[in-house]
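Remarks on the overall topology
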Amino acid sequence: MNTARYHALLFFLVCDWPGYEIRLPFGKRIPMNIPWISAAELDAMLSFTVVIDALDRAFRLKVEVPERGHFDLPVRDGQPESTLLLMPAWHLPNSLGVKLVTVTPGNAQRDLPAIQGVYVLFDAPTGQPILLVDAPRLTVWRTAATSALAARYLARPDTRSLL
């Protein structure tokens, strides 16, 4: 079976929702009970101090960040063009992740945010997905913390507050 047909088949398979398992055509089952961290959970568990310090350490690592995939999706039924963004990064042998984001301007008519997405963290040695995170909220935290981190290094030494 060619790759495109296999992916189409996987996309349309019916999941057993209580266990989140996908039935593959050859009978094997893949457990899909991957933890999900929502926007509200991120807000409850993070603080700017923790995120800024974590980014300070992370930016010193040799992380591979290839060029992002940017795909314009065709216009349908008079809707504005949508975009699919794929943003992978890895720090082998430890970490492997990808942020998948859609920008769908037509969502305003549906009372949905234009930006939707998920960050998928994988176990690098096995390639198994181990965590899903709300990507738009993760981006909010990262963007603000990155700016504060830059200010930490660029601000005058007598600066009392960065936020």
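Right, let's walk through the structure included here. In this text the structure is predicted, and so the values were computed from the model without any measurement.

1. Let's talk about the sheet that holds strand β5 (residues 69–73)
Strand pairing within a sheet occurs via backbone hydrogen bonds; the two strands may be parallel or antiparallel. The strand order across the open sheet formed by 6 strands is β4-β9-β8-β7-β6-β5, and the pairing between neighbours is mixed. Each end of this open sheet is capped by a strand with a single partner; those strands are β4 (36–37) and β5. Across 5 bridges, the pairing between strand β8 (residues 115–123) and strand β9 (residues 129–134) is antiparallel. The residue of β9 that forms the bridge with Val118 is Asp134. Strands β7 (95–103), β8 and β9 of the sheet are contacted by helix α4 (residues 135–154), whose axis makes an angle of about 85° with β8.

2. Some points on the nonpolar core
Core analysis: the biggest nonpolar cluster contains 11 residues, these being Ile37, Leu42, Val51, Ile52, Leu55, Leu131, Val133, Trp141, Ala145, Ala148 and Leu149. Elements supplying a minimum of two residues to this core: α3 (48–58), β9 and α4. When residues in this core are grouped by element, the largest group, 4 residues, is from α4. The residues contacting Ile37, other than those within four sequence positions of it, are Leu42, Met45, Leu131, Leu132, Val133 and Asp134.

3. Examining the packing of aromatic side chains
Under the definition given, this model contains 1 aromatic pair. Here the aromatic rings of Phe48 and Trp141 are separated by 4.7 Å at their centres, their planes lie at 35°, and the arrangement is tilted. Of this pair, Phe48 sits in helix α3 while Trp141 sits in helix α4, placing them 93 residues apart in sequence. The buried category is assigned to Trp141, whose relative accessible area is 10%.

4. Some words on the layout of surface pockets
Think of a ball as big as a water molecule: rolled over the atoms, this probe shows where empty space is left. Estimates place the volume of the largest pocket at around 1,200 Å³. Those elements giving two or more residues to the lining of the largest pocket turn out to be α2 (39–45), α3, β6 (82–91), β7, β8, β9 and α4. Partitioned by chemical class, the residues of the lining of the largest pocket number 25 nonpolar, 4 polar and 4 charged.

5. Topic: the packing of α3 against α4
The axes of two packed helices give the description: the angle between them and the distance between them. Remark: α3 packs on α4, axes separated minimally by 9 Å, with the N-to-C direction vectors making an angle of 70°. Here α3 is positioned roughly perpendicular relative to α4, judged by the angle of their axes. Side by side, α3 and α4 meet where Phe48, Val51, Ile52, Asp53, Leu55 and Asp56 of the first sit next to Trp141, Arg142, Ala144, Ala145, Thr146, Ala148, Leu149, Arg152 and Tyr153 of the second.

6. Concerning the side chain of Thr83
Locating Thr83 in the fold gives a position in strand β6. By relative accessible area, Thr83 is classed as buried at 14%. Once you skip the residues sitting within four places of it in the chain, Thr83 turns out to touch His70, Phe71, Asp72, Leu73, Val101, Thr102 and Val103.

What counts and what doesn't
- Within each chain, residue numbers correspond to sequence positions counted from 1 in written order.
- Reporting of local features is limited, given that this is a predicted model, to residues whose pLDDT is at least 70; pairs of side-chain atoms are given and counted only at 80 or more, and all residues count toward the totals for whole chains, interfaces and linings.
- Water and hydrogen atoms play no part in the side-chain values, which are based on all heavy atoms of the structure.
- DSSP bridges decide pairing: two strands pair if at least two such bridges lie between them.
- The secondary structure listing takes helices from DSSP runs of H or I that are at least 4 residues long and strands from runs of E that are at least 2 residues long, numbered from the N terminus.
- Contacts: residue pairs with any heavy atoms within 4.5 Å of one another.
- Axis definition: a line fit to C-alpha positions, over the contact stretch in the case of helices; interaxial angles, taken between N-to-C directions, run 0 to 180 degrees.
- Only buried residues count toward a nonpolar core, which is a set of Ala, Val, Leu, Ile, Met, Phe, Trp, Tyr and Cys residues joined through side-chain atoms within 4.5 Å.
- A 1.4 Å probe rolled over the protein chains alone gives each residue an accessible area, and that area as a share of the maximum for its type sets the label: buried under 20%, exposed over 50%, partly exposed in between.
- What counts as a ring pair is set by centres within 6.5 Å for rings of Phe, Tyr and Trp (its six-membered ring), and what kind of pair is set by the plane angle: stacked under 30 degrees, edge-to-face over 60, tilted for all other angles.
- The definitions used throughout rest on a 1 Å grid laid over the protein atoms alone, on which a cavity is an enclosed set of points accommodating a 1.4 Å probe that cannot get out and a pocket is an open set flanked by protein within 12 Å on both sides along at least five of seven lines; lining residues are those having an atom within 4 Å of a point.
- Grid points are joined across faces, edges and corners, and a volume is the space filled by probe spheres set on the points.
- Residues are grouped as follows: Ala, Val, Leu, Ile, Met, Phe, Trp, Tyr, Cys and Pro are nonpolar; Asp, Glu, Lys and Arg are charged; all remaining types, including Gly, are polar.
- Each angle receives one of four descriptions, namely roughly parallel if under 35 degrees, roughly antiparallel if over 145, roughly perpendicular if within 65 to 115, and oblique otherwise.

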